[in-house]
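# Residue-level structural notes
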Amino acid sequence: MGSYELKSQASITIRSARGATRLAPSVHERDDANLQRMGKKPVLKRNFGILSILGFSCTILGTWEGLLGGGSGGAIYAYIFGWIGTFANFMVLAELASMAPTAGGQYHWAAMLAPSKHMKFVSFITGWFAVLGWQTAFAASAFLAGSMIQSAAILGNEAYNALPWQATLITWCALSLALVINLAGGKLLPRAETVLLVVHILGFFGILIPLVYMAEHNTKEQVFLSFQNGGGFKTQGLSWFVGMTTCAFAFGGADASVHMAEEVANASMVIPQALMLSVGINGCLGFGILIAMMFCAGPDLGGNLGKITGYPFMGIFLEATNSVSGSLAMSAIVIVIYVCALMGLLAAASRQLWSFSRDRGVPGWRLWSRISTSRQLPVPAILVSVTISWLLAIIRLGSNIAMMDIVSMAISGIYLSYLVVTVLLFIRRVRGDISLYNDGDDEIINAPGAKLVWGPFRCPGLLGTIINGYAIIYIAIIVFFSFWPSSMDPTIAEMNWSILAIGGAIFFAILYYIFRARHVYTGPIVEISL
């Protein structure tokens, strides 16, 4: 890695012989200077602002779109618990993003927070959790978008015979669209994300209003006091916790905007703001659509159409409107958002992979860490991320349930990376190892072995410690139950094999670390000299 000198921020404002002063540094100059203080060389162009990165974060979360299946009254209380837990989780991630707004995210934070003797391994494993989580999240979302399009075809034509290979081809088309938008570069993606934010919010009302107006309504007792144990678990509480992973997926991907940090103006403030605004906006929209679905969905949750398509909301729309065209129009809103969200998912997954490759954490890092000088984009990382999802989409030819295990892998991988950094921050916070924010120093900070400094955004005092502790409890619960099957006595085909997949992937990652990575991976590399 080449190095270059960082100019002192204090020298940016200089008085001339005539007494005039130079202008203060621009936002981009401050961002680059802050990135250099963490030892990283700025190589990506900062095209995102607060509105575009908010749209990016909100649409990747896609909370209300993920809660259209209805359910029993227990889903409401699971959602409230998940919303509070997600708020705590987002608060911790916002603090860390303010401290170190780099594309690496979790593995960089783990490296700066972990004890020096364990830093390399803890950071390496955290990076692999994030890689697995984001690559499978992108593949799983593409699969859901493809199968949703196929289900809409069933809704429009009962005679249509949906075949697995068709779903795979549709998924490939959706992935190709995301690839084209990402490779275009420039301001296209930020502008698309801003437009998608508007669609995300207006689409909520486009579904909520006709659904509530046209559907027959359940009683408040049916909505708030009914509980189901569809999986046949021994207790209602156990069934509740297993089902709560749906809420976790609806709020998953909080770190998406973090991995775009090196392309966001004023990242140390804008990223935390986007995170907290997205949990507020999506939480409210998600709660609204969940209550509406509970009041409007019949006891069979979409009836026969819901079972055939695998998406109960399509059957619920049809029962409410009694119109195929109306149901298709409502379903199209959801499908458009799901397909367009793939653009952001690819961007986040590729930036995370690129950053980890930049620090030599994955095989082939020399190739995946390259930046296109003409586009200022990590083109190889974008291409390999799409290729992985293209290959994973082939699994759909053999088993639909296996693709749902990919969804579980995404949840467990991403949340495991959250768990590591949340625990490490809690320890450092309790010990008082983090200094107050000061943007005037010219020393390396928030890097392995360097001084730890709070960013401009944080939750101070005892309240911050309590929120941090609650986030640990919540994330641990989500990770534990993400490995459970959906029923008490699953068949081999119905078993949740995500724990085997995650365990196997981490096993091979450890082997790679033992035989190769420990010789080249040293944590986040300091690319500059001060």
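Residues numbered from 1 in each chain as written. Predicted model: local features only at pLDDT ≥ 70, side-chain atom pairs only at ≥ 80, totals over all residues. Heavy atoms only, no water.

## So, the pattern of salt bridges
Test applied: By salt bridge we mean one thing: a side-chain nitrogen of Lys or Arg within 4 Å of a carboxyl oxygen of Asp or Glu. The helix and strand labels rest on DSSP assignments: H or I over at least four residues marks a helix, E over at least two residues marks a strand, and numbering proceeds from the N terminus. For every residue, the accessible area (1.4 Å probe, protein chains only) is compared with the maximum for its type, and the residue is labelled buried under 20%, exposed over 50%, or partly exposed between those bounds.
A complete count under the given rule lists eight salt bridges for this structure. Across the pair K40 and D359 runs a salt bridge whose closest N-O atoms are separated by 2.6 Å. Of this pair, K40 sits in the loop between α1 (27-37) and α2 (50-61) while D359 sits in the loop between α14 (324-358) and α15 (365-368), and the two are 319 residues apart along the sequence. With respect to class, K40 is no different from D359; both count as buried. Connected via shared salt-bridge partners are R428, R431 and D433.

## Some thoughts on a nonpolar patch on the surface
Here is the rule: Candidates for patches are residues over 30% relative accessible area with no salt bridge; among them, like charges are joined within 9 Å and nonpolar side chains (Val, Leu, Ile, Met, Phe, Trp, Tyr) within 5 Å. The method behind every accessible area is Shrake-Rupley, applied with a 1.4 Å probe, and residues are considered shielded solely by the protein chains displayed.
Among the surface-exposed residues, Y77, I80, I84, L225 and F227 lie close enough to one another that they form a single nonpolar patch of about 470 Å² accessible area. Assignment of secondary structure puts Y77 in helix α3 (residues 74-99).

## Some remarks on helix α11 (residues 267-296)
Each full turn of the α-helix corresponds to 3.6 residues, which orients residues three or four apart in the same direction. Put simply, the rule is: Multiply 1.5 Å by the residue count of a helix minus one, and that product is the helix's expected span.
Helix length check: α11, at 30 residues, gives a terminal C-alpha distance of 42 Å against a target of 44 Å (1.5 Å per residue), a fit within 8%. Most of α11 is tucked away: 21 of the 30 residues are buried.

## Points about the packing of aromatic side chains
Condition: In this scheme Phe, Tyr and Trp rings, the latter by its six-membered ring, pair at centre separations within 6.5 Å, and the angle between planes marks the pair as stacked below 30 degrees, edge-to-face above 60, and tilted otherwise.
Under the defined criterion, the tally for this structure stands at 26 aromatic pairs. With a centroid separation of 5.9 Å and 50 degrees between ring planes, the pair formed by Y79 and W83 is classed as tilted. Of this pair, Y79 and W83 both sit in helix α3, separated by four residues, roughly a single helical turn. The exposure class assigned to W83 is partly exposed, which follows from its relative accessible area of 23%. The interplanar angle of 40 degrees and the centroid separation of 5.4 Å between the aromatic rings of F481 and W484 together place this pair among those described as tilted. Grouping aromatic residues by their ring pairs yields a cluster made of Y107, F121, F124, W128, F356, Y512, Y513 and Y521.

## Quick look at the layout of surface pockets
Unoccupied space between atoms shows up once a probe the size of one water molecule is rolled over them. Note the following rule: The way it works is a 1 Å grid over only the protein atoms, where trapped points that fit a 1.4 Å probe form a cavity and open points with protein on both sides within 12 Å along at least five of seven lines form a pocket, and then any residue with an atom within 4 Å of a point lines it. Grid points are joined across faces, edges and corners, and a volume is the space filled by probe spheres set on the points. Classes in brief: Ala, Val, Leu, Ile, Met, Phe, Trp, Tyr, Cys and Pro nonpolar; Asp, Glu, Lys and Arg charged; the others, Gly included, polar.
Here the second largest pocket defines a volume of roughly 330 Å³. Forming the walls of the second largest pocket are 14 residues, and the residues nearest its centre are W128, V131, L132, Q135 and I388. Among the secondary structure elements, those contributing two or more residues to the lining of the second largest pocket are α5 (119-156) and α16 (379-393). Of the residues forming the lining of the second largest pocket, the biggest block, five residues, is contributed by α5. Its residues placed into classes, the lining of the second largest pocket shows 12 nonpolar, two polar and no charged.

## Section: α3
If you check α3, its first and last C-alpha atoms are 38 Å apart, about what 26 residues at 1.5 Å a residue would give, namely 38 Å. Burial runs high along α3: 20 of the 26 residues are buried.

## A word on the side chain of S482
Applied cut-off: Throughout, a residue-residue contact means that at least one pair of heavy atoms, one from each residue, lies within 4.5 Å.
Structurally, the position occupied by S482 is in helix α18 (residues 461-482). Apart from residues lying up to four places away in sequence, S482 is in contact with T245, S408, I411, S412, N496 and S498.

Honestly, that's just the spatial picture; any functional story needs more than this.
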